[in-house]
Amino acid sequence: MARATNGPASRRRRKRILLRAKGFRGFRSKLFRYAKDAVYKAWQYEYRDRKKRKGQFRRLWTARISAAARDRGLTYSRFMEGIKAANIEMDRKVLSDLAVQDAAAFDSIFDAAKKAIEAKEGAALKA
């Protein structure tokens, strides 16, 4: 009796990997053995970089907020201290968007944060 190799399933599995390796250079897109390694490595990079992207966006938002706050006379850390003291619950994404798109709204938030810092310092001097 002939040995059963389950050819259709094996071919489908190999074809699926080779389709995912489309666009890779050289034998990494043509030969299953090397394409499989390349696709698995690409999946590792993809997984890792989905996590890294979140940190990159947070750094971008921080840089934008910092630039807008410095233009108005405060450092980023002092501005964020004022935001917390004023009980303004906005995340960095929204603050960054306001700093870039809507300067008037950011100015009002900045003024509230600055007043909260001054009130906090005034209370500390009295104590």
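Attention here is on the structure that accompanies the text. (Residues numbered from 1 in each chain as written. Predicted model: local features only at pLDDT ≥ 70, side-chain atom pairs only at ≥ 80, totals over all residues. Heavy atoms only, no water.)

### As for the overall build of the protein chain
- A count of helices and strands for the protein chain gives 5 helices and 0 strands.
- In summary, the protein chain has a C-alpha radius of gyration of 27 Å against a globular reference of 14 Å for 127 residues, an excess of more than 25%.
- By its C-alpha atoms, the protein chain is 95 × 30 × 20 Å across when sized along the principal axes.
- Going through the 127 residues of the protein chain one by one, you find that 21% of them count as buried.
- Summarising the internal contacts of the protein chain: among those between residues at least 6 apart in sequence, 49% fall at separations of at least 24.
- When the accessible surface of the protein chain is totalled, it reaches about 9,700 Å², and 53% of it is carbon and sulfur. (Helix = DSSP H or I, 4+ residues; strand = E, 2+ residues; numbered from the N terminus. Rg over C-alpha atoms; globule rule 2.2 N^0.38 Å. Buried < 20%, exposed > 50% of the residue type's maximum accessible area, 1.4 Å probe, protein only. Contact = heavy atoms within 4.5 Å. Areas by Shrake-Rupley, 256 points an atom, 1.4 Å probe, with all protein chains shown as cover.)

### So, unusual backbone geometry
- Positive phi is not limited to glycine here, since Asn6 has a value of about 55°.
- Looking at where Asn6 falls in the secondary structure, it is placed in the segment before α1 (7-20).
- When its relative accessible area of 54% is taken as the criterion, Asn6 is described as exposed.
- Its identity as a non-glycine residue notwithstanding, Asn87 has a phi of 55°, on the positive side.
- Position of Asn87 among the secondary structure elements: in the loop between α3 (76-85) and α4 (92-101).

### Let's talk about the environment of Lys36
- Following the sequence through the fold, Lys36 ends up in helix α2 (residues 32-72).
- The spatial distance from the C-alpha of Lys36 to the C-alpha of Gly55 is 30 Å, given a sequence separation of 19 residues.

### Thoughts on α3
- Listing the buried residues of α3 in full gives Tyr76, Phe79, Met80, Gly82 and Ile83. The buried residues of α3 occupy an angular sector of 155° when projected down its axis, which confines them to one face. Projecting away from the buried face of α3 at angles above 90 degrees are the exposed residues Ser77 and Lys84.
- Contact partners of the buried residues in α3: α2, α4 and α5 (103-126). (Arc of directions from axis to C-beta.)

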